[in-house]
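# Structure at a glance
In case you want the letters, here they are:
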Amino acid sequence: MQKIATCGLKFDLHIHSAESLKKDGKKVKNNTLSNIPVLVKKLNEQGVNICAITDHDTFSYDMYSTLKQAELDNNSIQKVLPGVEFSVCFEADAQESVVHVVTIFSDEEDTKIQKIEKIIKENPPTYNQAYKEEDFLSLLRIIDVNTILIAHQKNTLSSIKVKKNDANTVGKEKFLEFIYTDYFEALEFKNRRNEVINKSYLLTNQLEGKVRFVTGTDCHDWSVYPAETPKDPNVDFPYTYAKCLPTLKGLVMAITDH
């Protein structure tokens, strides 16, 4: 394997499969194991180099390992990483907020990756269909694999109306705690306009260099990728690039360097 990164790699770490049926319903019904070639074709058309299927509070080793076979084929995909989109309940100011946390795991120890599916089934999200913060951290310790944590932040940081499941729904004090303790490696946005507004917010609040933003398609229908659904007009998706090696460690180094 190469030891020096020479170019930027295009990545998407937020893609759903039919394993998210329980939460997303019919939107993901066609994203089945047998339709993985559809996803591979779409990823290749977009020139995506690093990707992950991240379903809601569940993991399918079959889905992950089947997509991972694309690394061996003649296409743009250089690395497929295992991942889960966890629903995590945080408490702040005597109130609770559920934040969606895209969690990407290292693929270096496949025996541990094979166990993730069983571990989650034995430790399901039972608190308001989410994990309490301490239960989430305990679950990560049980899985015992290096991770990248990326929190939803679909609305802008300066928006008066916060969006459900975004990181800033926890209130300013808890949100700043996330930022200053590097709880999350990055925050995820989707709208290109939001990037400009978020960067302005960081400058105004002297947080420049404290927060990294990355994009994720949140695709629920592989046939229209990179759109989220057939109703989503945002097909000119603003992909994030990282100048790194196609590994979890490479991504971590790129994302955590402002």
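Above this text is the structure in question.
Quick look at the structure, then. (Residues numbered from 1 in each chain as written. Predicted model: local features only at pLDDT ≥ 70, side-chain atom pairs only at ≥ 80, totals over all residues. Heavy atoms only, no water.)

### With respect to helix 5 (residues 133-143)
Taken together, the buried positions of helix 5 are occupied by Glu133, Phe136, Leu139, Leu140 and Ile143. Taken end-on, helix 5 shows its buried residues confined to a sector of 120°, consistent with a single buried face. Its buried side turned inward, helix 5 meets strand 4 (83-92), strand 5 (95-105), helix 4 (110-122), strand 6 (131-132), strand 7 (147-152) and helix 6 (172-180). (Buried < 20%, exposed > 50% of the residue type's maximum accessible area, 1.4 Å probe, protein only. Helix = DSSP H or I, 4+ residues; strand = E, 2+ residues; numbered from the N terminus. Arc of directions from axis to C-beta. Contact = heavy atoms within 4.5 Å.)

### A short note on unusual backbone geometry
Here the residue pair tyrosine 225 and proline 226 is connected by a cis peptide bond, since its omega of 15° sits within 30 degrees of zero. Note that proline 226 resides in the loop between strand 9 (213-215) and strand 10 (240-243). A positive phi angle is found at asparagine 128, which is not glycine, with a value near 55°. As for its placement among the helices and strands, asparagine 128 is situated in the loop between helix 4 and strand 6. In this structure asparagine 128 comes out as exposed when scored by relative accessible area, which is 56%. Positive phi, normally seen in glycine, also occurs at aspartate 144, with a value near 60°. Its location among the elements puts aspartate 144 in the loop between helix 5 and strand 7. Aspartate 144 gets classed as partly exposed once you look at its relative accessible area, which sits at 44%.

### Some thoughts on the pairing of strand 5
Among the 11 residues in strand 5, 8 count as buried, and that is most of the element. Bridge count for strand 4 against strand 5 is 10 bridges, and the pairing is antiparallel. Residue pairing in the sheet places valine 88 in a bridge with valine 99 of strand 5. Bridging between strand 5 and strand 7 involves 5 bridges; their strand directions are antiparallel. Within strand 7, the residue paired with threonine 103 across the bridge is leucine 149. (Pairing = 2+ DSSP bridges.)

### Overview of the pattern of salt bridges
For the structure shown, the criterion picks out 16 salt bridges. A salt bridge links glutamate 122 to lysine 118, with the shortest nitrogen-to-oxygen separation between them at 2.5 Å. Pair noted here: glutamate 122 and lysine 118 are both in helix 4, with a separation of 4 residues, about one helical turn. Lysine 118 shares its class with glutamate 122; the two are exposed. One salt-bridge network, in which partners are shared between bridges, spans Lys68, Glu71, Lys79 and Asp107. (Salt bridge = Lys/Arg side-chain N within 4 Å of Asp/Glu carboxyl O.)

Geometry only, nothing functional implied.
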